[in-house]
Amino acid sequence: MSAVRFVAIGDSFSEGVGDELPDGTVRGWADLAALGWADALGEPIAYANLAIRGRLAWPVVEEQLEPALALKPTHLSFNAGGNDMLRPKADIEHIADAFTRVLRRCDEAGATLIVLSGANPSGQLPLSSLIQRRGDELSAAVLRRIQDRPDVLQALNWPDRQLSRPEYWAEDRLHMNANGHHRVAARVLDAVGVGAPEEWWQARDVPEEEPLSTAAYYRRHVGPWIKRRVTRRSSGDGRRPKFADWTEIRPSSAG
């Protein structure tokens, strides 16, 4: 098996929502990081991704962590809490405790933990001040839990002001587009010590599109989100992980 075995767990951020390919499948930063990692090493790596959109932090831990560790990864990435922050009664310390659980289990399994924070969408969303405050609180709470662990790899995107600019976000303003996912992937590759293509750090030109009116935005994106909350449904209901077992990621030059 490959020397590097990388598995991602989490929600839509790690699944790759917002970075849709022409066939409708999602790619995202974790897929990109796996390819960039293989390219940097010049050899294949093993990659799995158990993330499911819409998941709250503790369901991610309860549903995905043990199956991920059963694969015996060398590296496990974890991000969660973005969906929790949008709920009326978000318990920030309880959310951050999920990171403590993941770290403890990675220690026990001998896997290196890669901790990510999500990018900050607050400037573009309704209730922006609330999202900003909760994101700041969650970031601080997570960092307190890993402050004495220099072996935990950090790819922190919440403080990245450039990543908050509109050119890094999809139409729904909640998920990153290809530009955003490339920039996050570059930060992950830096964290694991291999570096990334310089162009991944910068936003690429995207086709000009007419911005949605406020009414159209609420009708297309906010309304369905509210309906799911009222009916206690999730965008991830019925979805399966896109890479539940190891897939070999070969360097681009290998064809």
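All of the points below concern the structure found in this document. (Residues numbered from 1 in each chain as written. Predicted model: local features only at pLDDT ≥ 70, side-chain atom pairs only at ≥ 80, totals over all residues. Heavy atoms only, no water.)

So, the overall build of the protein
In terms of helices and strands, the protein carries eight helices and six strands. Listing the helices and strands of the protein from first to last along the sequence gives β-α-α-β-α-β-α-α-β-α-β-α-α-β. A buried classification covers 50% of the 255 residues belonging to the protein. Sequence separation of at least 24 residues holds for 76% of the intrachain contacts in the protein that already meet a minimum separation of 6. A total accessible area of about 12,600 Å² is found for the protein, and carbon and sulfur atoms account for 51% of it. (Helix = DSSP H or I, 4+ residues; strand = E, 2+ residues; numbered from the N terminus. Buried < 20%, exposed > 50% of the residue type's maximum accessible area, 1.4 Å probe, protein only. Contact = heavy atoms within 4.5 Å. Areas by Shrake-Rupley, 256 points an atom, 1.4 Å probe, with all protein chains shown as cover.)

A look at the environment of Ala-33
For Ala-33, the location among the structural elements is in helix 2 (residues 29-41). Judged by relative accessible area, which is 0%, Ala-33 ranks as buried. Taking the C-alpha atoms as reference points, Ala-33 and His-181, 148 residues apart in sequence, are found 9.4 Å from one another.

Describing the packing of helix 2 against helix 7 (residues 178-192)
In a packed pair of helices, the relevant descriptors are the angle between the two axes and the axis-to-axis distance. Look at helix 2 against helix 7: their axes get within 8 Å of each other, and the N-to-C directions meet at 45°. As judged from the angle between their axes, helix 2 and helix 7 are oblique. Handedness of the helix 2/helix 7 crossing: right-handed. For the pair helix 2 and helix 7, the contacting residues are Trp-29, Leu-32, Ala-33, Gly-36 and Trp-37 in the first and His-181, His-182, Val-184, Ala-185, Val-188, Leu-189 and Val-192 in the second. Class assignment of the residues belonging to the contact of helix 2 with helix 7 gives a composition of nine nonpolar, three polar and no charged. (Axes fitted to C-alpha atoms, helices over the stretch in contact; angles between N-to-C directions. Parallel < 35°, antiparallel > 145°, perpendicular 65-115°, else oblique. Left-handed = near helix turned anticlockwise from the far one by under 90°. Nonpolar A, V, L, I, M, F, W, Y, C, P; charged D, E, K, R; others polar.)

Things to note about the packing of aromatic side chains
Each pair of aromatic rings is reported with the distance of its centres and the angle of its planes. If you walk through the whole model with that rule in mind, you get five aromatic pairs. Aromatic pair Phe-13 and Trp-29: ring centres 5.7 Å apart, planes at 40°, arrangement tilted. With Phe-13 in helix 1 (residues 12-15) and Trp-29 in helix 2, this residue pair connects regions lying 16 residues apart in the sequence. Of the two residues, Phe-13 and Trp-29, neither departs from the other in class, the shared state being buried. Every member of this aromatic cluster is reached through a ring pair, and the members are Phe-6, Trp-37, Tyr-47 and Phe-243. (Phe/Tyr/Trp six-rings, centres within 6.5 Å; stacked < 30°, edge-to-face > 60°.)

Observations regarding unusual backbone geometry
Positive phi values are uncommon outside glycine, yet Lys-72 reaches one of about 60°. In this fold, Lys-72 is placed in the loop between helix 3 (57-70) and strand 3 (75-78).

Re the sheet that holds strand 5 (residues 153-156)
Adjacent strands of a sheet form backbone hydrogen bonds with each other and so pair up, either parallel or antiparallel. In spatial order, the strands read 5-4-3-1-2-6; together these six strands make up an open sheet with mixed pairing. Of all strands in the sheet, those bounded by a partner on one side alone are strand 5 and strand 6 (243-249). Shown here is a sheet whose adjacent strand axes are inclined to one another by a mean of 20°, direction ignored. Where strand 4 (residues 112-117) and strand 5 come together, four bridges link them in parallel fashion. When the bridges of strand 5 are listed, Val-115 appears paired with Gln-154. Set on the sheet, helix 7 makes contact with strand 4 and strand 5; between it and strand 5 the angle comes to about 160°. (Pairing = 2+ DSSP bridges.)

Focus on the packing of helix 3 against helix 5 (residues 92-109)
Relative orientation of the contacting elements helix 3 and helix 5 amounts to 10°, with a least axis distance of 10 Å. Compared by their axis directions, helix 3 and helix 5 come out roughly parallel. Along its contact with helix 3, which presents Ala-57, Trp-58, Val-61, Leu-65, Glu-66 and Leu-69, the element helix 5 presents His-94, Ile-95, Asp-97, Ala-98, Arg-101, Val-102, Arg-105, Cys-106 and Ala-109.

A few points about the nonpolar core
In this structure, Val-7, Ile-9, Leu-76, Phe-78, Val-102 and Leu-113 are the most contacted members of the largest nonpolar core, which totals 37 residues. Residue assignment for this core shows that the elements contributing at least two residues are strand 1 (5-9), strand 2 (45-49), helix 3, strand 3, helix 5, strand 4 and helix 6 (128-146). Looking at this core element by element, the count peaks at eight residues for helix 5. Sequence-distant contacts of Leu-76, defined by excluding residues within four places in its chain, comprise Val-7, Ile-9, Leu-65, Ala-68, Leu-69, Val-102, Cys-106, Thr-112, Leu-113 and Ile-114. If you look at the next biggest cluster of nonpolar residues, it comprises 32 residues, including Phe-13, Ala-34, Tyr-47 and Ile-114. (Core = buried A, V, L, I, M, F, W, Y, C linked by side-chain atoms within 4.5 Å.)

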